[in-house]
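A structural walkthrough
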Amino acid sequence: KNKIIDILSENIEQLDKEEIAAALEIPKKTDMGDFAFPCFKLAKVFRKAPNMIAEELTAQINEKGYDIFDKVVNVGAYINFFLAKEAFAKEIMNTVDTPDFGQGTEGEGKTVCIDYSSPNVAKNFHVGHLRTTIIGNSLYKIYSKLGYHVERINHLGDWGTQFGKLIVAYKKWGSKEAVEENGIDELMKIYVKFHQEAEKDDSLNDQAREWFVKMEQGDEEALSIWQWFKDISLVEYKRIYKLLGMDFDHFTGESFYRDKTHEVVEKLQEKDLLVESEGAHIVPLDDYDMAPCLIMKKDGSSIYATRDLAALLYRKRTYNFDKCIYVTGLEQKVIELLGYDWYQNLVHVPYGLVSMEGGKLSTRNGNVIYAEQILHEAIEKIHEIINEKNPDLPNKEEVSRQVGIGAILFNDLYNQRIKDVIFNWDKILNFDGETGPYVQYTYARCASVFRKVGAVELPAEIDYSVLTDDATMNLLKDLTRFPEVIKEAADKYEPFMIARFAVSVAQHFNKFYHETKILAEEDEEKKKGYLALLTLAKKVLETCIDLLGFTA
């Protein structure tokens, strides 16, 4: 593409390379060439009809005889370029066949903090938490691939009035034995009961606030109950992260910043940004059409926004990030008002909701679908398919886990993150659709070819003329896009670009596989050429699967 842009630039002095690049197209049909350049934009410059301009430029390019083209033809107002396939195949194969293909260097020496997952302690890890966890983990892998040092932060919701409510609930309706036996389920049960009872008796809310103030003031009993609830929750969360094959560098939740909020309050006071309102302290944001940011409640206790601001100041000081990616709202504006120029490096990554077909999710009344439930169900369903189709598979349990988890992750990442995700088992577990199992199946198909042919010594130089049919060329063209796709996924914080690319490679690979009949090929030179391409397709698919967070 860049070579064609250079050639067009040599022949059209009136346009710069950016304008040429923006106009260059890939024709929908392969019989129209590999690239096409429309000349409509040049009509004003040359004061001629676009098709006349295209005809003259085509003749000019052909006269110079560039060796990268098989032919250059004029079709109406377009110049259509047909690449010299053998030279193209050689160049692409040599580009893709490097150890660091797709690896970027733009992140070298730079740090990115990614704040994701962040479940609320003492509540089950529900299906809604899966989205932030899956998106965050994929972004961590994408940024690492581009050379960034990434700090993975799990900003647990482990502080706040809800713990006052839990302590009240535990003291009134809970027991040590029940919590030890049933863990987080028991905490959820008494939390739901608190809300039901508080609707009838509002004084329970006052008691909850009192217990939270005790926590903030360092009351020993309040803190030991809170710590116990937190430890129980972390055991559960870590089990789910292990199932997902994920980890974090820091589990520094809101409580970690509770002794750091005074700095936020002092800085806001210094800048005259803090205003008293009905006994509470806020930063008014009316000038920006935003709701006020509550910093301190009437009773002097802090709120999550204060702790989020303290977290940002701490992270900048500790990790000196070049970029901090997290799900945020008003806090970014307050950092800007405090006069920190790095507010521009705080990136808000919003995402859509998750629902099962036929209903939304909610925590308070207990009508909730747990993440672990969904993950185990996916694994079980894959296990059933394996028992039906391949009952003698030796490592059934492990494959069920890899395919089941992969199916859930891929389903989440296949659409833009802002779109809602709907769970539909038939769609998620389909081995023929645009799904995780389909991509994994394609990778497994690559691997099985190598198992069947055994150890083949691939020559240093292959016969590139065997890689010039349409199916092979389309696969080659797709593979070469990989570095560009990774870069764009990072720039736009959109892992779905990797997922879509993986499906495209899988589709092109399967077409190539059907049309070339690698295993039945008797011509050894051809077979070696196909196997060399197969090696590269397998490597790119494996990297895509890894960047999406599951296993090939």
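What counts and what doesn't
- Residues numbered from 1 in each chain as written.
- Predicted model: local features only at pLDDT ≥ 70, side-chain atom pairs only at ≥ 80, totals over all residues.
- Heavy atoms only, no water.
- Helix = DSSP H or I, 4+ residues; strand = E, 2+ residues; numbered from the N terminus.
- Contact = heavy atoms within 4.5 Å.
- Axes fitted to C-alpha atoms, helices over the stretch in contact; angles between N-to-C directions.
- Parallel < 35°, antiparallel > 145°, perpendicular 65-115°, else oblique.
- Left-handed = near helix turned anticlockwise from the far one by under 90°.
- Nonpolar A, V, L, I, M, F, W, Y, C, P; charged D, E, K, R; others polar.
- Core = buried A, V, L, I, M, F, W, Y, C linked by side-chain atoms within 4.5 Å.
- Buried < 20%, exposed > 50% of the residue type's maximum accessible area, 1.4 Å probe, protein only.
- pLDDT = per-residue confidence, 0-100.
- Pairing = 2+ DSSP bridges.
- Polar contact = N/O pair within 3.5 Å; in protein donor to acceptor, adjacent residues only side chain to side chain.
- Right-handed = clockwise from strand over helix to strand, strands pointing away.
- Phe/Tyr/Trp six-rings, centres within 6.5 Å; stacked < 30°, edge-to-face > 60°.
- Lys NZ or Arg CZ within 6 Å of the ring centre and 35° of its normal.

**Points about the environment of Val283**
- With respect to the helices and strands, Val283 occurs in strand 7 (residues 280-283).
- Taking C-alpha positions, Val283 is 7.6 Å from Val334, a pair spaced 51 residues apart along the chain.
- Residues in contact with Val283, not counting those within four places in the same chain, are Leu268, Leu273, Leu274, Pro292, Cys293, Ile295, Val334 and Leu337.

**Observations regarding the packing of helix 1 (residues 2-11) against helix 4 (residues 50-64)**
- At a minimum axis separation of 11 Å, helix 1 and helix 4 run at an interaxial angle of 110°. In terms of orientation, helix 1 lies roughly perpendicular with respect to helix 4. Of the two elements, helix 1 crosses helix 4, and the hand of that crossing is right-handed. Listed contacts from helix 4 to Ile7, Leu8 and Asn11 of helix 1 are Leu57, Gln60, Ile61 and Lys64.
- Residue composition of the contact of helix 1 with helix 4, grouped by class: 4 nonpolar, 2 polar and 1 charged.

**Looking at the packing of helix 18 (residues 436-453) against helix 21 (residues 496-516)**
- Orientation of helix 18 relative to helix 21, taken along the N-to-C sense of each, is 40°, at an axis distance of 9 Å. Between helix 18 and helix 21, the angle is such that the two are oblique. Viewed along their axes, helix 18 and helix 21 form a crossing whose handedness is left-handed. Contacts between helix 18 and helix 21 pair Tyr438, Val439, Thr442, Arg445, Cys446 and Val449 from the former with Ala502, Val503, Ala506, Gln507, Phe509, Asn510, Tyr513 and His514 from the latter.
- Across the contact of helix 18 with helix 21, the residue classes tally to 9 nonpolar, 4 polar and 1 charged.

**Brief notes about the nonpolar core**
- With 150 residues, the main nonpolar core has Leu8, Phe37, Phe81 and Leu467 as its most contacted residues.
- With residues near it in sequence (within four places) discarded, Leu8 still touches Ile20, Leu24, Phe37, Ile61, Ile79 and Phe81.
- In this structure, Ile153, Leu274, Cys324 and Trp342 belong to the second largest nonpolar core, which totals 28 residues.

**Some thoughts on the environment of Met473**
- Here Met473 lies in helix 19 (residues 470-479).
- Sequence-wise, Met473 and Asp34 are 439 residues apart; in three dimensions their C-alpha atoms are separated by 9.9 Å.
- Once residues lying within four places of it in the same chain are set aside, the contact partners of Met473 are Lys85, Phe88, Leu467 and Thr468.

**Re the confidence of the model for the protein**
- For the protein, mean pLDDT is 91; residues scoring 70 or higher make up 97% of the total.
- Overall, residues 361-366 carries pLDDT values under 50, and its contacts beyond four positions in sequence, including any with other chains, amount to 15 contacts.

**A word on the sheet that holds strand 6 (residues 275-277)**
- With antiparallel pairing, 3 strands are arranged side by side in an open sheet as 6-7-8. Unpaired on one side and paired on the other, strand 6 and strand 8 (293-296) mark the two borders of the sheet. Averaged over neighbouring strand pairs, the angle between their axes works out to 45° when direction is ignored.
- Bridge count for strand 7 against strand 8 is 3 bridges, and the pairing is antiparallel. Its bridge partner lying in strand 8, Ile282 is registered against Leu294.

**Description of the side chain of Thr442**
- Tracing the backbone shows Thr442 in helix 18.
- Looking at Thr442, its side chain comes within polar contact range of the side chain of Asn510, at 3.2 Å.

**Notes on the pairing of strand 5 (residues 149-153)**
- Within strand 5, 4 of the 5 residues are buried, which leaves the element mostly enclosed by the surrounding structure.
- The pairing of strand 4 (residues 111-115) with strand 5 spans 5 bridges and is parallel. Along strand 5, the bridge assignment pairs Ile114 with Arg152.
- Once the chain exits strand 4 it traverses helix 6 (residues 127-145) before rejoining the sheet at strand 5, and the crossover so formed is right-handed.

**Some words on the sheet that holds strand 2 (residues 69-75)**
- As summarised here, the arrangement of the 3 strands in space is 1-3-2, forming an open sheet in which the pairing is antiparallel. Here the strands that pair on one side only, and so sit at the sheet edges, are strand 1 (35-38) and strand 2. Taken pair by pair, the neighbouring strands of this sheet meet at an average axis angle of 20°, ignoring direction.
- The sheet contact formed by strand 2 and strand 3 (residues 78-83) spans 6 bridges and is antiparallel. Looking at the pairing, Val73 lines up with Asn80 of strand 3.
- Helix-sheet contacts for helix 1 involve strand 1, strand 2 and strand 3, and the interaxial angle to strand 3 is about 135°.

**Regarding the environment of Cys293**
- One can find Cys293 in strand 8.
- By relative accessible area, Cys293 is classed as buried at 1%.
- In sequence terms Cys293 and Arg152 are 141 residues apart; their C-alpha atoms lie 26 Å from each other.

**Some thoughts on the pairing of strand 9 (residues 323-326)**
- As paired strands, strand 4 and strand 9 are joined by 3 bridges and run parallel to one another. When the bridges of strand 9 are listed, Val112 appears paired with Lys323.
- Where strand 9 lies against strand 10 (residues 346-348), 3 bridges are found, and the strand directions are parallel. When the bridges of strand 10 are listed, Ile325 appears paired with Val347.

**Details of the packing of aromatic side chains**
- According to the stated counting rule, one finds 29 aromatic pairs in the structure shown.
- Ring geometry for Tyr116 against Phe248: centres 4.8 Å apart, planes inclined by 40°, an arrangement best described as tilted. Here the residue Tyr116 occupies a position in the loop between strand 4 and helix 6, and Phe248 occupies one in the loop between helix 11 (220-244) and helix 12 (261-270), the gap between them amounting to 132 residues.
- Of the residues examined, Tyr116 reaches a relative accessible area of 3% and is grouped as buried.
- Judged by relative accessible area, Phe248 falls into the buried class, the value being 6%.
- Its guanidinium or amino end placed over the ring of Tyr140, Arg152 lies 4.4 Å from that ring's centre, counting from NZ or CZ.

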